[in-house]
Amino acid sequence: PALLLASPRACELRSAMGDFHDVEATDGVRFSWNVWPSSRLEATRIVVPLGCLYTPLKAIEGLPLLPYEPVMCKGTCPAMLNPYCRIDFKAKIWVCPFCFQRNHFPPHYNDISETNLPAELIPQYTTIEYALPRAPAGPPVFLWVVDTCLEESELQALKDSLEQVLQLLASAAPTALIGLITFGTVVQVHELGFEHCSKCYTFKGTKDPAPAQLAEQLGISAGGAGRGGRAAGQGGPADARSASARFLLPISEAEFAISNVLSELRRDPWPVPSDSRPQRCTGAAASIAVSLLELAFPNTGARVMLFTGGPCTIGPGQTVGCPLAEPIRSHHD
């Protein structure tokens, strides 16, 4: 599905469509604000930044499926033809609402008119899906990032839920690839491909290693075998395969290892004073997860699934300090 963000004219069209809850159900988009600021001064006074949550896999009833390539803007943005574009039916030109580039329609759009619109220009079809005639993608990739600073009861409930999901995936998608990262005060990357015992690499939660540095520390850097890597001289592709063979495995192969890790998973052992929050390095864990996917599956779609129970208190992405005397920002700011 394509996400169509709003220009001022698009916001006017949105308001004309009705209640924003209907728009959310139609497009899977929820904005932090439902009114566009009318001036630069109003924009500077926004306490909560303007943004949106988008659900690309949302089940939408009556979603049109188009069996051809989308019409792309030839300007500075990669926008697609959509209902918010200005159309010159006589000259067969459409104007991008983002960069205002004037684009000619391809030859097979010559018959369009105000009464004969393609699906991309129908006002009700603000979200559409394309069935692209391309080679099928590889198996889905999931990387679980689990917070160990939860309360014991919450952590046990999360472990039980993950076990159920693992069993469902094993029966429904046994070829899907899965990896596991746990974090608290430190980040632990679990090597599921190590057969002899549970093995993980530990990273300090206050640092954000670059992808090249992470590859070197995990022993998958290009140009050498490293720890667990392939033979020297095979270069980058071999290292990428070794990364996928060690940290992201098919569920049929990784199910036993992940079950063992989950059964042995305990609450973060770092002591937490009564007047403090746990040291939770969510930002570092998310960054390492993204870097690992870049190393193992470059230019490939994957999903990082973060399971956390509180704010990031240390390292990159910190939203509040550990002392409970320091409040988190609220709507009263």
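What counts, and at which threshold
Residues numbered from 1 in each chain as written. Predicted model: local features only at pLDDT ≥ 70, side-chain atom pairs only at ≥ 80, totals over all residues. Heavy atoms only, no water. Helix = DSSP H or I, 4+ residues; strand = E, 2+ residues; numbered from the N terminus. Buried < 20%, exposed > 50% of the residue type's maximum accessible area, 1.4 Å probe, protein only. Contact = heavy atoms within 4.5 Å. Areas by Shrake-Rupley, 256 points an atom, 1.4 Å probe, with all protein chains shown as cover. Arc of directions from axis to C-beta. pLDDT = per-residue confidence, 0-100. Polar contact = N/O pair within 3.5 Å; in protein donor to acceptor, adjacent residues only side chain to side chain. Pairing = 2+ DSSP bridges. Axes fitted to C-alpha atoms, helices over the stretch in contact; angles between N-to-C directions. Core = buried A, V, L, I, M, F, W, Y, C linked by side-chain atoms within 4.5 Å. Patch = residues over 30% accessible without salt bridge, like charges linked within 9 Å, V, L, I, M, F, W, Y side chains within 5 Å. Salt bridge = Lys/Arg side-chain N within 4 Å of Asp/Glu carboxyl O.

**Focus: the overall build of the protein**
Here's step 1: In terms of helices and strands, the protein carries eight helices and 13 strands.
Here's step 2: Counting the 333 residues in the protein, one finds 37% classified as buried.
Here's step 3: Long-range contacts, defined here as pairs at least 24 residues apart, represent 67% of the contacts in the protein between residues at least 6 apart.
Here's step 4: Surface summary for the protein: the accessible area is close to 19,100 Å², and the carbon and sulfur share equals 57%.

**Thoughts on helix 5 (residues 211-218)**
A turn of α-helix holds 3.6 residues, and therefore any two residues three or four places apart point the same way.
Here's step 1: Those residues of helix 5 not exposed but buried are L214, A215 and L218. Down the axis of helix 5, the buried side of the element spans an arc of 100°, and every buried residue falls inside it. Summarising the geometry of helix 5, the exposed residues directed more than 90 degrees from the buried face are A212 and E216.

**A short note on the environment of V23**
Here's step 1: Here V23 lies in helix 2 (residues 20-27).
Here's step 2: Judged by its relative accessible area of 11%, V23 is buried.
Here's step 3: Sequence separation of V23 and T126 is 103 residues, and the distance between their C-alpha atoms is 9.2 Å.

**A short note on the confidence of the model for the protein**
Here's step 1: Taken over all residues, the pLDDT of the protein has a mean of 83, while the share at 70 or more is 86%.
Here's step 2: Within the model, the stretch residues 1-6 combines pLDDT values under 50 with 22 contacts to residues more than four positions away or in other chains.
Here's step 3: Note on residues 222-241: pLDDT is under 50 here. Beyond four places in sequence and across chains, it has 29 contacts.

**A look at the side chain of T126**
Here's step 1: Of note, T126 is situated in the loop between strand 6 (102-104) and strand 7 (129-130).
Here's step 2: At a separation of 2.6 Å, a polar atom in the side chain of T126 contacts the side chain of D27.

**Things to note about the sheet that holds strand 4 (residues 86-88)**
Here's step 1: Ordered by their spatial adjacency, three strands build an open sheet running 4-5-6, and the pairing between neighbours is antiparallel. Across the chains shown, the open sheet's two edge strands, defined by having one partner strand only, are strand 4 and strand 6. Within this sheet the neighbouring strands show an average axis-to-axis angle of 25°, counted without direction.
Here's step 2: Sheet topology places strand 4 next to strand 5 (residues 93-95); three bridges connect them, and they run antiparallel.

**Examining the nonpolar core**
Here's step 1: In terms of nonpolar packing, the biggest core is built from 27 residues, with I181, V187, F203, L218 and L248 touching the most fellow members.
Here's step 2: Breaking this core down by element, the ones donating at least two residues are strand 8 (141-147), strand 9 (177-183), strand 10 (186-190), strand 11 (200-204), helix 5 and helix 8 (282-296).
Here's step 3: One finds L166, I178, V261 and L265 within the second-largest nonpolar core, a separate group that totals 21 residues.

**Some remarks on a nonpolar patch on the surface**
Here's step 1: Side chains of W33, W36, V47, V48 and L50 sit close together on the surface and give an oily, nonpolar patch of about 430 Å² of accessible area.
Here's step 2: The residue W36 is located in the loop between strand 1 (29-31) and helix 3 (40-44) in this model.
Here's step 3: With relative accessibility at 37%, the residue W36 sits in the partly exposed group.

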